[in-house]
Amino acid sequence: MKFIQQALLNFARNSGEIFAISLKSTAFIFKPPLNFRRIINHLYLDGIKSIPVIFLMSVFTGGVLALQSYYALQRFGAEVFTGSLVGVSLTKELIPVLSGLILAGRVSASYSAEIGTMVVTEQVDALFTFGINPLKYLVSPRVAALLVMAPLLTLFGDFMGIMGGRLVAALVVNQNPNLYDSQLFSALEIWDVLSGMIKSVFFGLTIAVIGSYFGLKTEGGAKGVGRATTTAVVVASIIILISDFFWTKILPFSLR
Amino acid sequence: MIQIRDLHKSFARKKVLAGVDLDIEPGQITTIIGASGSGKSVLFKHIIGLLKPDSGSIRIDGEDITKLRERELYRTVLKFGMVFQGGALFDSLTVGENVAFGIMKPDLTAAEVSRIVSLSLDQVGLPDDINQVMPNELSGGMKKRVAIARAIAKDPQIIMYDEPTTGLDPIMADIINNLIIKVNGSSKITSIVITHNMVSAYKISDKIAVLYDGRIIESGVPDDIKNTRNPFVRQFIEGQADGPMQIR
Ligand SMILES: Nc1ncnc2c1ncn2[C@@H]1O[C@H](COP(=O)(O)OP(=O)(O)OP(=O)(O)O)[C@@H](O)[C@H]1O
Ligand SMILES: [Mg+2]
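On a predicted model such as this, the values are computed, not experimentally measured, just so you know.

Once that is clear, we can look at the overall build of chain A. Along the backbone of chain A there are nine helices and zero strands. With respect to the three principal axes, the spread of C-alpha positions in chain A is 65 × 50 × 35 Å. Counting all 256 residues of chain A, 50% fall into the buried class. Restricting the contact set of chain A to residue pairs at least 6 apart, pairs at least 24 apart contribute 85%. Put simply, chain A shows about 12,400 Å² of open surface, and 73% of that area lies on carbon and sulfur atoms.

Quick look at the domain arrangement of chain B now. Residues and elements named next belong to chain B. Entries for chain B in the domain assignment read domain 1 (1–79 + 160–248) and domain 2 (94–156). For domain 1 versus domain 2, the distance between C-alpha centres works out to 25 Å. If you look at the interface, domain 1 gives 15 residues, while domain 2 gives eleven residues. Carbon and sulfur atoms supply 67% of the area that domain 1 and domain 2 bury against each other, a total of about 1,100 Å² over both sides. Taken together, the connections running from domain 1 to domain 2 amount to zero salt bridges. For the side of domain 1 that touches domain 2, the leading source of residues is helix H6 (residues 170–187), giving six residues.

Residue and element names in this part refer to chain B. Among the structural elements, Arg145 can be located in helix H5 (residues 140–153). Buried within the structure, Arg145 lacks any salt-bridge partner; Asp169 is the closest side chain of opposite charge, at an N-O distance of 8.7 Å. The contacts of Arg145, once residues within four sequence positions are left out, are Val124, Gly125, Leu126, Met172, Ile176 and Leu179.

This part covers the packing of helix H8 (residues 190–216) of chain A against helix H9 (residues 221–250) of chain A. Residue and element names in this part refer to chain A. Interhelical geometry of H8 versus H9 gives an angle of 155° and a closest axis separation of 9 Å. The angle between H8 and H9 falls in the class roughly antiparallel. Handedness of the crossing formed by H8 with H9: right-handed. Counted together, Lys199, Phe202, Phe203, Thr206, Ile207, Ile210, Gly211 and Phe214 of H8 and Ala228, Thr231, Ala232, Val235, Ala236, Ile239, Ile240, Ser243, Asp244, Trp247 and Thr248 of H9 form the full contact between these two elements. Looking at side-chain class alone, the contact of H8 with H9 contains twelve nonpolar, five polar and two charged residues.

Take the packing of aromatic side chains next. Within the structure shown, the criterion is met by eleven aromatic pairs over all chains. Plain terms: the ring middles of A:Tyr70 and A:Tyr71 are 5.4 Å apart, the flat faces sit at 90° to each other, and that makes the pair edge-to-face. Among the residues examined, A:Tyr71 registers a relative accessible area of 42% and is labelled partly exposed. Relative to B:Phe101, the ring of A:Tyr137 has its centre 5.7 Å away and its plane inclined at 85°; by these criteria the two rings are edge-to-face. Placement of the pair is A:Tyr137 in helix H6 (residues 134–171) and B:Phe101 in helix H3 (residues 95–101), with the two residues belonging to separate chains.

Moving on, we get to the sheet that holds strand S5 (residues 63–64) of chain B. All names here are of chain B. Strand order in this open sheet of four strands is S2-S1-S4-S5, and the pairing throughout is antiparallel. With one partner strand each, in any of the chains shown, strand S2 (14–24) and S5 form the two edges of the open sheet. Strand direction decides the pairing type here: strand S1 (residues 2–11) and strand S4 (residues 55–60), joined by five bridges, are antiparallel. Following the sheet pairing, Ile2 is matched in S4 by Ile60. In this fold helix H1 (residues 40–47) packs onto S1, S2 and S4, with an angle of close to 120° to the strand it touches most, S1.

This part is about the nonpolar core. Residue and element names in this part refer to chain A. Judged by nonpolar contacts, the single largest core of 46 residues is most densely connected at Val143, Leu146 and Ile207. Per element, the largest residue contribution to this core is eleven residues, and it comes from H6. Other than its neighbours up to four places away in sequence, Val143 contacts Ser25, Thr26, Ile29, Leu205, Ala208 and Val209.

A word on the coordination of the magnesium ion (ligand 2). Tetrahedral coordination by four donors sets the ideal angle at the metal to 109.5 degrees; octahedral coordination by six donors sets it to 90 or 180 degrees. All names here are of chain B. For the magnesium ion (ligand 2), the full set of protein donor atoms is Ser41 (OG) and Gln85 (OE1), and the range of their distances to it is 2.0 to 2.4 Å. Remark: Gln85 occurs in the loop between strand S6 (80–83) and H3 and Ser41 occurs in helix H1; sequence separation between them is 44 residues. Relative accessible area serves as the criterion here: at 31%, Gln85 is assigned to the partly exposed category.

All names here are of chain A. Counting through the fold element by element, Leu135 comes out in helix H6. Each C-alpha atom, one on Leu135 and one on Phe28, is 7.7 Å from the other, the two residues being 107 residues apart in sequence. Filtering out sequence-adjacent residues up to four positions away, Leu135 remains in contact with Ile21, Lys24, Ser25, Phe28, Ser140 and Leu216.

Conventions and cut-offs
Residues numbered from 1 in each chain as written. Chains lettered and ligands numbered in written order. Predicted model: local features only at pLDDT ≥ 70, side-chain atom pairs only at ≥ 80, totals over all residues. Heavy atoms only, no water. Helix = DSSP H or I, 4+ residues; strand = E, 2+ residues; numbered from the N terminus. Buried < 20%, exposed > 50% of the residue type's maximum accessible area, 1.4 Å probe, protein only. Contact = heavy atoms within 4.5 Å. Areas by Shrake-Rupley, 256 points an atom, 1.4 Å probe, with all protein chains shown as cover. Domains from an automatic or database assignment. Buried area = accessible area lost by both parts, 1.4 Å probe. Salt bridge = Lys/Arg side-chain N within 4 Å of Asp/Glu carboxyl O. Lys, Arg positive; Asp, Glu negative; His and termini not counted. Axes fitted to C-alpha atoms, helices over the stretch in contact; angles between N-to-C directions. Parallel < 35°, antiparallel > 145°, perpendicular 65-115°, else oblique. Left-handed = near helix turned anticlockwise from the far one by under 90°. Nonpolar A, V, L, I, M, F, W, Y, C, P; charged D, E, K, R; others polar. Phe/Tyr/Trp six-rings, centres within 6.5 Å; stacked < 30°, edge-to-face > 60°. Pairing = 2+ DSSP bridges. Core = buried A, V, L, I, M, F, W, Y, C linked by side-chain atoms within 4.5 Å. Donors = N, O, S within 2.8 Å, 3.2 Å for Na, K, Ca; no water.

Shown next as structure tokens:
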């Protein structure tokens with residue numbers, strides 16, 4: 001009983017702090033001096049360098065989705081709609097969520113490890129002695145980078161996933177690519193793509209803030225850094241999976 | 001002048017500071033000695049406002065910094081130069097960038113900044129061409145000296161060293177001792193040093209304070225400490241395993 005109480009209290013406190021950090025670090029992005037160099041560095045390291053893994057994930061997800069959709073639709077003679085089903089599922093759900101999970105693994109982990117190491121080696125304390133707020137200097141550039149990169153990577157993944165599906169439809173089940181395209185374009189709407197990208201903005205914020213938060217809370221040497229990293233990845237992934245449901249329910253046009 | 005009064009701090013169940021009283025005179029070198037885990041680093045972090053006490057006050061030139069808001073703290077902290085126990089150099093920046101980081105005047109040209117950087121490196125006896133090196137390529141002694149250079153480049157009123165000689169060979173330790181004396185003398189700044197090393201403490205201090213069991217149990221000029229009758233202090237300065245002191 002005592003334990004449950006403690007856990008709930010902890011949860012409430014952590015949530016409050018995470019919410020405060022999200023607001024502050026986002027606001028700090030626009031407060032001079034603007035940290036262009038640091039932002040660009042993170043755009044490159046965490047965004048551009050994630051392209052290969054997002055590419056692989058998208059192409060194979062699109063491919064396998066086309067394959068499954070084709071045979072499932074074939075059962076009631078509707079296999080012509082493969083392109084529609086693939087396009088809509090990918091852009092609204094699969095690509096935003098899977099990219100989010102991949103970035104949670106890749107980027108949350110590195111943020112919590114980098115910042116956690118800076119905490120245990122007193123570099124974060126040293127920042128303070130120079131009158132520098134770690135939220136402004138360490139967290140804001142990371143948040144900025146992911147707010148930009150998460151939706152762009154999602155858009156890239158959407159395109160690659162659709163291409164993967166098209167390739168599999170054409171080569172594996174011998175569907176005419178023109179049919180795939182025409183069904184895709186007749187079903188897919190701009191809002192399908194946009195609602196996925198809007199969700200991914202939130203996922204990007206989650207990934208950056210959760211990684212930084214558990215990094216800043218690190219205690220006790222190398223072991224502490226390891227613990228922070230694991231916690232960050234797990235918590236970011238859980239938030240992405242659960243919040244996805246609610247975003248889908250809330251966002252206009254995402255259920256049509 | 002820094003006045004610490006009845007400072008208390010506990011973490012979870014553990015009481016670390018239990019009523020610290022200490023005066024630190026301007027322009028002097030005050031050394032705080034005490035066993036590992038006695039709370040020296042914790043005391044330090046209170047003085048610059050990195051930690052908030054449970055109760056008690058720390059007045060710096062009359063202003064109680066424990067009462068300040070976060071924004072005001074970011075201003076007062078600029079008075080301090082801090083040399084952390086492990087150096088705390090920013091490992092993503094070069095040595096030169098680390099030292100330049102401390103230069104708090106925003107309207108300097110790049111040339112003036114790099115002049116202050118090489119001046120500061122020169123003060124700690126490091127060659128100018130170390131500028132481009134990354135901190136993880138330095139030895140422990142060099143790291144400490146770069147950390148000192150970074151602190152003095154800031155031109156602080158108060159400089160604090162957390163175990164500046166720990167882990168260094170005796171010669172390097174003495175070089176650091178001389179550096180601390182030189183920095184203190186050359187610019188009329190107040191120095192606070194944490195150390196385990198009694199040789200250093202006797203050599204550099206105007207005043208030595210002994211932290212034990214959460215309090216300052218004795219303080220005075222080096223000769224007072226050398227000749228103390230306090231059995232706890234005697235045990236520590238003579239380095240005896242057996243005695244009244246409880247080492248946790
Ligand atoms: N943030 C913290 N949370 C919990 N306990 C802490 C924290 N910081 C310090 N402590 C505890 O306070 C005690 C004093 O630590 P401190 O680092 O001040 O020791 P120290 O005197 O500097 O020792 P050393 O000479 O080994 O550096 C230790 O028992 C440590 O575990
Ligand atoms: Mg210490």
